[in-house]
Amino acid sequence: MDKKLKKKSLCKWSKSDVEDNWSEMFDIVGKSKFMCERCLRSARLKGNLCKPEKLPKPA
């Protein structure tokens with residue numbers, strides 16, 4: 001994975017970033033625990049989003 005892409009929040013990934021780094025994308029979003037308040041993308045770790053909000057546990 002590109003060093004610049006590692007430092008970028010998932011919210012700022014472009015469509016081509018996602019297409020070129022599919023396996024890394026899967027690692028980031030698999031079993032998501034957080035969602036960005038701004039763009040509604042989800043991630044497993046809080047640090048991957050620009051405005052993370054913890055998702056409620058499923059009932």
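About the thresholds
- Residues numbered from 1 in each chain as written.
- Predicted model: local features only at pLDDT ≥ 70, side-chain atom pairs only at ≥ 80, totals over all residues.
- Heavy atoms only, no water.
- Buried < 20%, exposed > 50% of the residue type's maximum accessible area, 1.4 Å probe, protein only.
- Helix = DSSP H or I, 4+ residues; strand = E, 2+ residues; numbered from the N terminus.

Peer 1: Explain unusual backbone geometry to me, and be specific about the residues and the numbers.
Peer 2: Notably, lysine 31 is not glycine yet its phi reads approximately 55°, a positive angle. The class for lysine 31 is exposed, based on a relative accessible area of 77%. In the Ramachandran plot, leucine 40 falls in the positive-phi region, its phi being about 70° despite a non-glycine side chain. Within the secondary structure, leucine 40 sits in the loop between strand 1 (34-36) and strand 2 (42-43). Given the relative accessible area of 57%, leucine 40 is considered exposed.

Any link to function would need more than the numbers given here.
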